[in-house]
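Summary of structural features
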Amino acid sequence: MNTMLIHCLFLGLALALSHSAPPNLDMMMADMGHDHSHDGHDHAHDGHDHAHDGHDHASEGHAHVHDGQDHVHGVTGHDHVHDGHVHHHADHEHVAQIDRCEAVEFDAIVPDASGVPLFFKGDFMWRGFQGPSELINGSYKELIEQHAELGKINAALSMIAADSDKHVFFLLNDKVFSYHDQTLEAGNPKAFSEVFPGIPKHVDAAVECPKGECVRDTVIFFKGCEVFHYETQTKKVKSSHWTHMPNCTSALRWQNNYYCFHGNQFTKFHPVTGSVTGTYPKDARDYFMKCPNFGLLSNHTERERCSHVPLDAIASDGLERAVAFRGNYFLREDETHRDGWHASLVSEAFKEVQSDAEAVFSHARLLYIVKDNKVFAYKSGEQYQLVEGYPKTLQEELGMEGPLDATFVCGDYSILHVIKGQQMFDIELSVSPRAVVHEARLPFPKVDGAMCGPNGIRVFVGAEYFEYKTPKLLAYSRMRPQAHKITLEMFGCDH
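The following refers to the structure shown. Predicted model only: the values in this text are computed from it and were never measured.

**Quick notes on the sheet that holds strand β40 (residues 456-461)**
- Pairing is antiparallel across the open sheet formed by four strands, whose spatial order is β39-β40-β41-β42. The outermost strands of the open sheet, each flanked by one partner alone, are β39 (449-453) and β42 (483-485). Neighbour to neighbour, the strand axes of the sheet diverge by 30° on average, direction disregarded.
- Here strand β41 (residues 464-468) pairs with β42 via three bridges, running antiparallel. Considered in β42, the bridge of Phe 466 is made with Ala 483.

What follows is the structure, encoded as structure tokens:
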């Protein structure tokens, strides 16, 4: 048992005696104490033994399951095991085969300069809440070049620097790497003590806390049960012990909320006091990533309302009920607007679609779902019924090819607005054959969904939505209006 854990245990017991309430020792001990043996051959890491005894060459294409993951071996190339994951070499290309839905404990989580969260584990990283892993050296090659000497990423954080631009800082051992637009800044890496004086080395996690959410611009560092608040302007350090919290292995500020990740779970906390409100911990796979085959919650509605994974599509269903699609589930708003949103499986209500709707819109009391260059039309009611003759090809129905990012129709108008990338195309639905009658460029590089209701248009981008009064304002505005939080302001969730 290491000294930090002993220190936290004794401190927790002392606090418990003084307050007549026992600390949560199980939570405090979670994810502490990994035994590492670095002799060049056998490594014990996260409770697994990994052998480095050469390469296993595949002469024929085959697949096998390793650590609950499928790995395909090609006709050429070779595979070896490292850090508990299979790496495949083919024609000098290193292909990552790691699934974050397999209960991954992240080394660090940090938003990039554009606000996209980056998740890190060993040599791998993920962009956003869905999608495959990739190798870190494709974006931050200097971190991997220093990997042998400094080890894995200890923590990462994002801050506004002196040039008023957002910079991403990676903490490795006793060094700090500062990146601007994925380019390592001159003079980096720097000594940890130079950048963050008064903070101990080898921290477990770090997260930025801007003025207004903290008293002053601050970085919060976690090391075991010790927490250090470092004021970036004055360089003052305030230390405290949050024995009620699990030991954080990574931390994230997202939508002005603060999350401590430990194992494959997370706990939301107050950045100043560390207080925890609500039922925690929760599984990160329910809220921070898209895992189609995972769902421990019996309450699917809570997960879908509170998930940070972007929506696939959203519309009204022709009966003034909003429907929002994400992966295997869709949320439908009660038509009285009193009982809120309820989640159901897409495969049960729209069995022909099954999952992963691409775009949706309603017209003439029918709900249209676009997927894989096909259009499905459903009659809305207590149950949704596929209209005879559907699905049709997207070309046959709308006179264009996919994929589409979003579609919407406003009220009883017959103009369908189709968004592809940064372009919006207007299609007249009352004529045949259908064709584009107008085209405009939007102020968004890409959107996840859009819908039109009594109060105007909502455009969904990541974790936020933006409101416009009319399609014309959307088409010709060059400045984005105020952003609204999807989970909080639309779904009423503050997780």
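That covers the picture; the talk isn't over yet.
**Considering the side chain of His 167**
- Following the sequence through the fold, His 167 ends up in strand β14 (residues 166-172).
- Overall, the relative accessible area of 1% leaves His 167 in the buried class.
- Separated by 2.8 Å, the side chains of His 167 and Glu 185 make a polar contact.
- Contacts of His 167, omitting those with residues within four sequence positions, involve Leu 157, Ser 158, Met 159, Ala 161, Ser 178, Tyr 179, His 180 and Glu 185.

**Examining the sheet that holds strand β28 (residues 329-333)**
- Strand order in this open sheet of four strands is β26-β27-β28-β29, and the pairing throughout is antiparallel. Single-partner strands in this sheet number two, and they are β26 (313-316) and β29 (341-345). Averaged over neighbouring strand pairs, the angle between their axes works out to 20° when direction is ignored.
- As defined by bridge partners, β28 adjoins β29 across five bridges and the pair is classed as antiparallel. Counterpart to Tyr 329 in the pairing with β29 is Leu 345.

**Points about the packing of aromatic side chains**
- Under the definition given, this model contains 37 aromatic pairs.
- Ring centres of Phe 106 and Phe 119 lie 5.1 Å apart, and the angle between their planes is 55°; on these two criteria the pair is classed as tilted. Of this pair, Phe 106 sits in the loop between β8 (93-95) and β9 (108-111) while Phe 119 sits in strand β10 (residues 117-121), and the two are 13 residues apart along the sequence.
- The class for Phe 106 is buried, based on a relative accessible area of 3%.
- Each ring, one from Phe 266 and one from Tyr 280, has its centre 6.0 Å from the other, and the planes form 65°; the classification is edge-to-face. Linking Phe 266 in strand β24 (residues 265-269) with Tyr 280 in the loop between β24 and β25 (282-283), this pair joins segments that are 14 residues apart in sequence.
- When its relative accessible area of 1% is taken as the criterion, Phe 266 is described as buried.

**Description of unusual backbone geometry**
- Going from Asn 188 to Pro 189, the amide bond is cis rather than trans, its omega being 5°.
- Following the sequence through the fold, Pro 189 ends up in the loop between β16 (183-184) and β17 (190-191).
- In the Ramachandran plot, Asn 373 falls in the positive-phi region, its phi being about 65° despite a non-glycine side chain.
- Its place among the elements puts Asn 373 in the loop between β31 (366-371) and β32 (374-379).
- Given a relative accessible area of 32%, Asn 373 falls into the partly exposed group.

**A short note on the pattern of salt bridges**
- In this structure the tally under the stated criterion is 16 salt bridges.
- Note that Asp 312 is salt-bridged to Lys 290, the shortest N-O span being 3.5 Å. Highlighted residues: Asp 312 in the loop between α7 (300-306) and β26 and Lys 290 in the loop between α6 (284-287) and α7, separated in sequence by 22 residues.
- According to the relative accessible area criterion, Asp 312 is buried, its value standing at 13%.

**Here's the deal with the state of the cysteines**
- In the structure shown here, the tally under the stated rule is five disulfides.
- The partner cysteine of Cys 248 in its disulfide is Cys 260, sulfur to sulfur 2.1 Å. Across the S-S bond linking Cys 248 and Cys 260, the dihedral sits near -115°, which makes this disulfide left-handed. One end of the pair, Cys 248, is in the loop between β21 (237-241) and β22 (250-254); the other, Cys 260, is in strand β23 (residues 257-262), with twelve residues separating them in the sequence.

Conventions adopted
Residues numbered from 1 in each chain as written. Predicted model: local features only at pLDDT ≥ 70, side-chain atom pairs only at ≥ 80, totals over all residues. Heavy atoms only, no water. Pairing = 2+ DSSP bridges. Helix = DSSP H or I, 4+ residues; strand = E, 2+ residues; numbered from the N terminus. Axes fitted to C-alpha atoms, helices over the stretch in contact; angles between N-to-C directions. Buried < 20%, exposed > 50% of the residue type's maximum accessible area, 1.4 Å probe, protein only. Polar contact = N/O pair within 3.5 Å; in protein donor to acceptor, adjacent residues only side chain to side chain. Contact = heavy atoms within 4.5 Å. Phe/Tyr/Trp six-rings, centres within 6.5 Å; stacked < 30°, edge-to-face > 60°. Salt bridge = Lys/Arg side-chain N within 4 Å of Asp/Glu carboxyl O. Disulfide = S-S within 2.5 Å.

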